[in-house]
Amino acid sequence: QVHLRASGGRLVQAGDSLRVSCRGVGRTFNENAMAWFRQGLTKRREFVSGTDWTGGATIYADSVKGRFTISRDKANNTMYLQMNNLKPGDTAVYYCAAIQRLYSSASEDEHDYDLWGQGTQVTVSS
């Protein structure tokens, strides 16, 4: 069965770093744009970062620019989100997503993504 598996979320302290992963299962996602979104307890799901299918073009939400870095390891069919200088406001369930149409550009619009992982909880304590 084709799906995305997010992992790596845990409880950290403000200022810490953490890397979450999203592994493609069932087929390769090396030709698909992918992204990270997050949803806090009282918030709507919001865009965090995205990468085009090459991994060479990336976009970030203003709230994470300079702190988060998205990357992909095509040999392992995995996308990462390196999060530095974490803040309590970063607390959320982090979801990875893919655009199943091949060779797409990255997008901030969640409606462009049609395959979603199950989410991984990141909690940042003050």
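Residues numbered from 1 in each chain as written. Predicted model: local features only at pLDDT ≥ 70, side-chain atom pairs only at ≥ 80, totals over all residues. Heavy atoms only, no water.

Student: Residue-level account of the environment of Gly56, with values.
Tutor: Note on placement: Gly56 falls in the loop between β5 (46-51) and β6 (58-60). Taking relative accessible area as the criterion, Gly56 reaches 68% and is therefore assigned exposed. In this structure the C-alpha to C-alpha distance between Gly56 and Arg72, which are 16 residues apart in sequence, comes to 9.6 Å. (Helix = DSSP H or I, 4+ residues; strand = E, 2+ residues; numbered from the N terminus. Buried < 20%, exposed > 50% of the residue type's maximum accessible area, 1.4 Å probe, protein only.)

Student: I'd like a rundown of the packing of aromatic side chains, residues and numbers included.
Tutor: By the definition in use, this model includes 5 aromatic pairs. Ring centres 5.1 Å apart and planes at 55 degrees place the aromatic pair Phe37 and Trp116 in the tilted group. You can see Phe37 sitting in strand β4 (residues 34-39) and its partner Trp116 sitting in strand β10 (residues 115-116), a full 79 residues away along the chain. The class for Phe37 is buried, based on a relative accessible area of 1%. Judged by relative accessible area, which is 25%, Trp116 ranks as partly exposed. Connected via pairs of aromatic rings, a cluster forms that spans Phe37, Phe47, Tyr113 and Trp116. A cation over an aromatic ring shows up here: Arg45 above the ring of Tyr95, its NZ or CZ 5.8 Å from the ring centre. (Phe/Tyr/Trp six-rings, centres within 6.5 Å; stacked < 30°, edge-to-face > 60°. Lys NZ or Arg CZ within 6 Å of the ring centre and 35° of its normal.)

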